[in-house]
Amino acid sequence: MDTKFDFGPQKDDRIVYIRAVDRAELPVELQKQIEGDTPLYAVHRPDGERLALVQGRRLAFALAREHDFAPVTVH
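Fair warning: this is a prediction, and the values are worked out from it, not measured in the lab. (Residues numbered from 1 in each chain as written. Predicted model: local features only at pLDDT ≥ 70, side-chain atom pairs only at ≥ 80, totals over all residues. Heavy atoms only, no water.)

Quick word on the overall build of the protein
A count of helices and strands for the protein gives two helices and four strands. In the protein, the order of α-helices and β-strands from amino to carboxyl end is β-α-β-β-α-β. Across the 75 residues that make up the protein, the buried fraction comes to 24%. Accessible area of the protein: about 6,100 Å², with a carbon and sulfur share of 51%. (Helix = DSSP H or I, 4+ residues; strand = E, 2+ residues; numbered from the N terminus. Buried < 20%, exposed > 50% of the residue type's maximum accessible area, 1.4 Å probe, protein only. Areas by Shrake-Rupley, 256 points an atom, 1.4 Å probe, with all protein chains shown as cover.)

Re unusual backbone geometry
Of note in this structure, Asp-68 is not a glycine but carries a positive phi near 60°. Here Asp-68 shows up in the loop between helix H2 (57-66) and strand E4 (70-73). A residue is classified by how much of its surface remains accessible, and Asp-68, at 58% relative accessible area, is exposed.

Things to note about the pattern of salt bridges
The tally for this structure, following the rule as stated, stands at two salt bridges. Where Arg-19 meets Glu-25, a salt bridge forms, and the shortest distance between an N and an O atom there is 3.3 Å. Residue Arg-19 is classed as partly exposed on the basis of its relative accessible area of 26%. Here Glu-49 ties to Arg-45 by a salt bridge, and the two come within 3.3 Å at their closest N and O atoms. The class for Arg-45 is partly exposed, based on a relative accessible area of 31%. (Salt bridge = Lys/Arg side-chain N within 4 Å of Asp/Glu carboxyl O.)

What about the pairing of strand E1 (residues 15-21)?
In summary, the side chains of a regular strand alternate between the two faces of the sheet. Bridging between E1 and E4 involves four bridges; their strand directions are parallel. In the strand pairing of E4, Val-16 is matched with Pro-71. Pairing of E1 with strand E2 (residues 40-44), which is carried by five bridges, proceeds in the antiparallel orientation. Across the sheet, residue Tyr-17 finds its bridge partner in E2, namely His-44. (Pairing = 2+ DSSP bridges.)

Examining the sheet that holds E4
The strand order across the open sheet formed by four strands is E3-E2-E1-E4, and the pairing between neighbours is mixed. Strand pairing shows two members of the sheet lacking a second neighbour, strand E3 (50-55) and E4, which therefore form its edges. Averaged over all pairs of adjacent strands, the angle between strand axes in this sheet comes to 30°, irrespective of strand direction. (Axes fitted to C-alpha atoms, helices over the stretch in contact; angles between N-to-C directions.)

The values are spatial; any link to function lies outside them.
Put into structure tokens, the structure is as follows:
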């Protein structure tokens, strides 16, 4: 029982954070491009870099998973 097992590469660098975004936080130019009243969600790296801005929470999670990220909700 003392045999070491290689679990493969760690996936800590693949975590992204999903959070709701208030449209008022966005630049005016971007606000003009947004259609509809669907809530906006951002996908962020742990260092805060925004990777994506999408309409809808489900889409944010699906997008993250599609690109092999592990999404986590931020409140």
